[in-house]
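Residue strings, one per chain:
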Amino acid sequence: MTTTTDFAKHLTRFFTDYLPHQRNVSPNTIASYRDAFVQYTDYMNTEKGISVERLSLKHLTRTNVLSFMQWLLDIRKISPATRNYRLAAVHSFCTYLQHAVIDQIEEWQNILSIKAMKTESGKLNYLTVEAVKLLLEQPDRTTSNGRRHLAILSLMYDTGARVQEIADLTVDSVRIAHEPYTIRLYGKGRKARIVPLVKEQTAILRSYMEENGLDDCNKAPSPLFFNKRHEHLTREGIAYILSSYVNMARKVSPDLIPDKISCHSLRHSKAMHLLQAGVNLVYIRDILGHVSIQTTDIYARADSKAKREALEKAYTDLTPTNASDREWDRNKDLRDWLKSLKQ
């Protein structure tokens, strides 16, 4: 930053030292927090008349943060969920300030007490086993691009990986020279986890790596999936690949492919299929890289709901009708019916 205020000084330390080194957060989190503070400086400039060059920590108050949150909703028209992400960025900065600027700790705690908005939990979006099979049949395996796309999509599904985890993969993340076959993924907070690979997935991956010269030991630090410039594929690039084949699969079987499918839908799909196959939630948690089993429990709740809905749809009423119920049908006057119960 070119400004010299205490706000600029501490925000610089927050982004360059605290987040990447002390908290070890992912680049995506840093980018999200950056967007939050860009919007905060915009708000203070347009609504409060305080330019970024004059913005100081004394302007970071509970009142201003609450007004900023409302401005995001009313003027920027963001969703409550995005509002909560922006609030999380401010909260993280105030957590840092509690140790860096102790004399204003009461104000930082006041800001930290601002609650996130309640949001509606969306329907868990996942594919059936048949839908995943149809999707993976779409890439043309007679072409190099088709084989590469199959390797990407099948690996994303089989490992239950987040799209960024797939984008970040390097050649040395893969261990397929001998059993047990595994892959190392880096999740949120750069936390590493080892995910086992099945033989079928290993065969697809090994073929792709041999075709692209990635089985050379000198290629260890190279991107596993790369673009024409031999750089890591982006999240958007992988999402585009998925979208192309989703559209193809939907034309083959419209009823089998939901209207909205994202890369995260493949992750949800793998989790649901593991659960339906009887895999323990603890193992699913470890494969997905969840910190808490409570996060993984959403799949158990979603599956129970699906089972209940299926049972209700197939239910046939075979129970005998109660005599009092039939009397009620004949006597629509509630008062008369109640009086008749005494006789």
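Rules used throughout
Residues numbered from 1 in each chain as written. Predicted model: local features only at pLDDT ≥ 70, side-chain atom pairs only at ≥ 80, totals over all residues. Heavy atoms only, no water. Helix = DSSP H or I, 4+ residues; strand = E, 2+ residues; numbered from the N terminus. Buried < 20%, exposed > 50% of the residue type's maximum accessible area, 1.4 Å probe, protein only. Contact = heavy atoms within 4.5 Å. Areas by Shrake-Rupley, 256 points an atom, 1.4 Å probe, with all protein chains shown as cover. Core = buried A, V, L, I, M, F, W, Y, C linked by side-chain atoms within 4.5 Å. Patch = residues over 30% accessible without salt bridge, like charges linked within 9 Å, V, L, I, M, F, W, Y side chains within 5 Å. Salt bridge = Lys/Arg side-chain N within 4 Å of Asp/Glu carboxyl O. Arc of directions from axis to C-beta. Axes fitted to C-alpha atoms, helices over the stretch in contact; angles between N-to-C directions. Parallel < 35°, antiparallel > 145°, perpendicular 65-115°, else oblique. Nonpolar A, V, L, I, M, F, W, Y, C, P; charged D, E, K, R; others polar. Phe/Tyr/Trp six-rings, centres within 6.5 Å; stacked < 30°, edge-to-face > 60°. Pairing = 2+ DSSP bridges.

Colleague: Help me understand the overall build of the protein in this model?
Modeller: Scanning the protein from N- to C-terminus turns up 15 helices and three strands. Counting every position in the protein, which comprises 343 residues, the buried fraction comes to 40%. Residue pairs at least 24 apart in sequence account for 61% of intrachain contacts in the protein once pairs closer than 6 positions are excluded. Per element, the accessible surface of the protein, about 20,400 Å² overall, is 52% carbon and sulfur.

Colleague: Any chance you could explain the nonpolar core here in plain terms?
Modeller: If you look at soluble globular proteins, the nonpolar side chains tend to sit buried side by side. By size, the foremost hydrophobic cluster in this structure holds 54 residues, and its most contacted members are Leu-224 and Phe-225. Apart from the residues within four sequence positions on either side, Phe-225 is in contact with Ala-151, Ile-152, Leu-155, Ile-166, Leu-169, Leu-205, Tyr-208, Glu-231, His-232 and Leu-233. With 35 residues, the next largest nonpolar core counts Tyr-33, Met-69, Tyr-96 and Val-101 among its residues.

Colleague: I'm lost on the side chain of Thr-182 in this one. Help?
Modeller: When you line up the elements, Thr-182 lands in strand 2 (residues 182-186). Taking relative accessible area as the criterion, Thr-182 reaches 17% and is therefore assigned buried. Ignoring any residue separated from it by four or fewer positions in sequence, one finds Thr-182 in contact with Ser-173, Val-174, Arg-175, Ile-194, Val-195, Pro-196 and Leu-197.

Colleague: Looking at this model, I keep getting lost on a nonpolar patch on the surface. Mind explaining?
Modeller: A cluster of nonpolar residues, Val-282, Tyr-283 and Ile-293, forms a patch on the protein surface that exposes about 260 Å² of accessible area. Among the structural elements, Tyr-283 can be located in helix 12 (residues 281-288).

Colleague: It is not clear to me how helix 6 (residues 129-136) should be interpreted in this structure. Could you clarify?
Modeller: Each α-helix winds once per 3.6 residues, and so residues spaced three or four apart point in a common direction. Burial in helix 6 covers these residues: Ala-131, Val-132, Leu-134 and Leu-135. Buried residues along helix 6 cover an arc of 160° about the axis, so they all sit on one side. Turned more than 90 degrees away from the buried face of helix 6 sit Glu-130 and Lys-133, all of them exposed. Next to the buried residues of helix 6 lie helix 7 (144-159), helix 10 (235-252) and helix 11 (263-276).

Colleague: Would you mind showing me how to read the packing of helix 2 (residues 27-48) against helix 4 (residues 80-100) here?
Modeller: Viewed as axis vectors pointing N to C, helix 2 and helix 4 meet at an angle of 90°, and their least axial separation amounts to 9 Å. As judged from the angle between their axes, helix 2 and helix 4 are roughly perpendicular. Contacts from Ser-32, Tyr-33, Asp-35, Ala-36, Phe-37 and Gln-39 in helix 2 reach Arg-86, Ala-88, Ala-89, Val-90, Ser-92 and Phe-93 in helix 4. Split by residue class, the contact of helix 2 with helix 4 holds seven nonpolar, three polar and two charged.

Colleague: Which parts of the structure should I look at to understand the packing of aromatic side chains?
Modeller: Geometry of an aromatic ring pair is reported as the spacing of the ring centres plus the angle between the planes. For the structure on display, the rule yields 17 aromatic pairs. Between Tyr-43 and Phe-68, the aromatic rings sit 5.7 Å apart at their centres with planes inclined by 45°, giving tilted as the arrangement. Placement of the pair is Tyr-43 in helix 2 and Phe-68 in helix 3 (residues 62-74), with a sequence separation of 25 residues. For the pair Tyr-43 and Phe-68, one class covers both residues: buried.

Colleague: I keep staring at the pairing of strand 3 (residues 192-196) and nothing clicks. Help me out?
Modeller: Two faces belong to every sheet, and in a regular strand the side chains alternate between them. Burial along strand 3 is one-sided: Arg-193 and Val-195 are buried, and none of Ala-192, Ile-194 and Pro-196, which face the opposite way, are. Sheet topology places strand 2 next to strand 3; five bridges connect them, and they run antiparallel. Bridge pairing in strand 3 links Tyr-186 to Ala-192. Adjacent in sequence and paired antiparallel, strand 2 and strand 3 are bridged by five residues, among which Gly-189 carries a positive phi angle near 70°.

Colleague: Honestly, the sheet that holds strand 3 in this entry has me stumped. Any pointers?
Modeller: Strand pairs in the sheet, formed through backbone hydrogen bonds, run parallel or antiparallel to each other. Taken together, the three strands give an open sheet; going across it, the order is 1-2-3, and neighbouring strands pair in antiparallel fashion. A strand with exactly one partner marks an edge of an open sheet, and here the two such strands are strand 1 (174-175) and strand 3.

Colleague: So what exactly am I meant to see when it comes to unusual backbone geometry here?
Modeller: Excluding glycine, residues mostly have negative phi values, and the peptide bonds linking residues are mostly trans. In this model, Glu-179 is joined to Pro-180 through a cis peptide bond whose omega is -5°. Within the secondary structure, Pro-180 sits in the loop between strand 1 and strand 2. The phi dihedral of Asn-24 falls on the positive side, at around 55°, and the residue is not glycine. For Asn-24, the location among the structural elements is in the loop between helix 1 (6-22) and helix 2. Judged by its relative accessible area of 35%, Asn-24 falls in the partly exposed class. Even without being a glycine, Lys-77 presents a positive backbone phi close to 60°. Positionally, Lys-77 belongs in the loop between helix 3 and helix 4. The exposure class assigned to Lys-77 is exposed, which follows from its relative accessible area of 64%.

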